[in-house]
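Structure at a glance
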Amino acid sequence: DQQVKQNSPSLSVQEGRISILNCDYTNSMFDYFLWYKKYPAEGPTFLISISSIKDKNEDGRFTVFLNKSAKHLSLHIVPSQPGDSAVYFCAARPNAGNMLTFGGGTRLMVKP
Amino acid sequence: NAGVTQTPKFRVLKTGQSMTLLCAQDMNHEYMYWYRQDPGMGLRLIHYSVGEGTTAKGEVPDGYNVSRLKKQNFLLGLESAAPSQTSVYFCASSYQVAGLSYNEQFFGPGTRLTVL
């Protein structure tokens, strides 16, 4: 049973609009959450993270929101750009250590 | 500074054949990881290492072995390949983690393996 789920396999957004990518988790022991971005034929690259003691973290156009009671996090991209078109993976870390559990990914397509 | 490199980029095997995937990093990272990526499943951890000479099992270790003889290299072996091992394999590395801190994992470009 997947402990980290991304229920939307794909998302299409117009350039300049907001992209919202969602992620749900089941393990209450997760204490650190991350988003990775992946272009075709490349490895994933780290995008943004949030600790469980916070509910929001912002970095430029990217903001991650964490709702611990709902076991839900989301990534907001504003404004969306065609270069943001990629697969986005949500990941979570249980307790301490550096091991990650990944979601299945969401393919974002930003149309010019 | 090449970061994390993987060899080979592509490989086709027949069922029962063996092969070794090589991962190398030049960032002096202590931790290294092997993942496989399958459609809809995200990345799943196969094995990892927290230092030279150490290895540990991840979420899906069956059918794979690993070795970390040198700090900069992490090898993934398939002794008898099966079609279920058709996947894209990613290696990653990171600095050592202390306490509750987290260190970013840096990924290689991947190896696409097909087992017929």
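The sections below set out a description of the structure shown in this document. Predicted model only: the values in this text are computed from it and were never measured.

It is worth spelling out the pairing of strand β6 (residues 56–59) of chain A at this point. Residues and elements named next belong to chain A. Relative to strand β7 (residues 62–67), β6 runs antiparallel, the two sharing four bridges. Bridging across to β7, K56 finds its partner in F65. Linking two consecutive strands that pair antiparallel, namely β6 and β7, is a turn of two residues; a positive phi of about 65 degrees is found at G60 within it.

Below, the discussion takes up the packing of aromatic side chains. Tallied over the entire structure, the rule returns 12 aromatic pairs over all chains. Between A:Y36 and A:F46, the ring centres sit 5.9 Å apart and the planes meet at 70 degrees, which makes this aromatic pair edge-to-face. With A:Y36 in strand β4 (residues 30–38) and A:F46 in strand β5 (residues 45–51), this residue pair connects regions lying 10 residues apart in the sequence. Aromatic side chains A:F102 and B:Y35 sit 5.5 Å apart centroid to centroid with 90 degrees between the ring planes, which places their arrangement in the edge-to-face category. Taken together, the positions of A:F102 in strand β10 (residues 101–102) and B:Y35 in strand β4 (residues 31–38) put the pair across two chains. For A:F102, a relative accessible area of 4% translates into the label buried. Pairwise contacts between aromatic rings join A:Y36, A:F46, A:F89, A:F102, B:Y33, B:Y35 and B:F107 into one cluster.

Here the focus is the pairing of strand β1 (residues 4–7) of chain B. Residue and element names in this part refer to chain B. Residues V4 and Q6 line the buried face of β1, whereas the alternating positions T5 and T7 sit on a face that is not buried. The pairing of β1 with strand β3 (residues 19–25) spans four bridges and is antiparallel. Paired with T5 across the strands is A24, a residue of β3.

To continue, consider the interface of chain A and chain B. If you look at the interface, chain A gives 21 residues, while chain B gives 24 residues. Between chain A and chain B, a total of about 1700 Å² is buried, with carbon and sulfur atoms accounting for 61% of that surface. Per-residue buried area on chain A facing chain B is highest for A:N98, A:M99 and A:F102; these three make up 33% of the total on that side. At the boundary of chain A and chain B, one finds one residue pair in polar contact (both at pLDDT 80 or more). Among the secondary structure elements, those contributing two or more residues to the side of chain A that touches chain B are β4 and β9 (86–94) of chain A.

Space inside the largest pocket adds up to approximately 700 Å³. If you go around the largest pocket, you meet 30 residues; those closest to its centre are A:K38, B:Q37, B:V88, B:F90 and B:R112. Mapped by element, the contributors of at least two residues to the lining of the largest pocket are β9 of chain A together with β4, β9 (87–94) and β11 (111–115) of chain B. The biggest single contributor to the lining of the largest pocket is β11(B), with four residues. Of the residues in the lining of the largest pocket, the class split is 13 nonpolar, 11 polar and six charged. What lines the second largest pocket is A:D1, A:Q2, A:Q3, A:V4, A:T101, A:F102, B:M41, B:L43, B:R44 and B:E59. Secondary-structure elements contributing two or more residues to the lining of the second largest pocket are β10 of chain A together with β5 (42–49) of chain B. Here the lining of the second largest pocket is composed, by residue class, of four nonpolar, three polar and three charged.

Analysis parameters
Residues numbered from 1 in each chain as written. Chains lettered and ligands numbered in written order. Predicted model: local features only at pLDDT ≥ 70, side-chain atom pairs only at ≥ 80, totals over all residues. Heavy atoms only, no water. Pairing = 2+ DSSP bridges. Helix = DSSP H or I, 4+ residues; strand = E, 2+ residues; numbered from the N terminus. Phe/Tyr/Trp six-rings, centres within 6.5 Å; stacked < 30°, edge-to-face > 60°. Buried < 20%, exposed > 50% of the residue type's maximum accessible area, 1.4 Å probe, protein only. Contact = heavy atoms within 4.5 Å. Buried area = accessible area lost by both parts, 1.4 Å probe. Polar contact = N/O pair within 3.5 Å; in protein donor to acceptor, adjacent residues only side chain to side chain. 1 Å grid on protein atoms, 1.4 Å probe; cavity = no way out; pocket = protein on both sides within 12 Å on 5 of 7 lines; lining within 4 Å. Points joined across faces, edges and corners; volume = space filled by probe spheres on them. Nonpolar A, V, L, I, M, F, W, Y, C, P; charged D, E, K, R; others polar.

Spatial relationships are all this shows, so hold off on functional conclusions.
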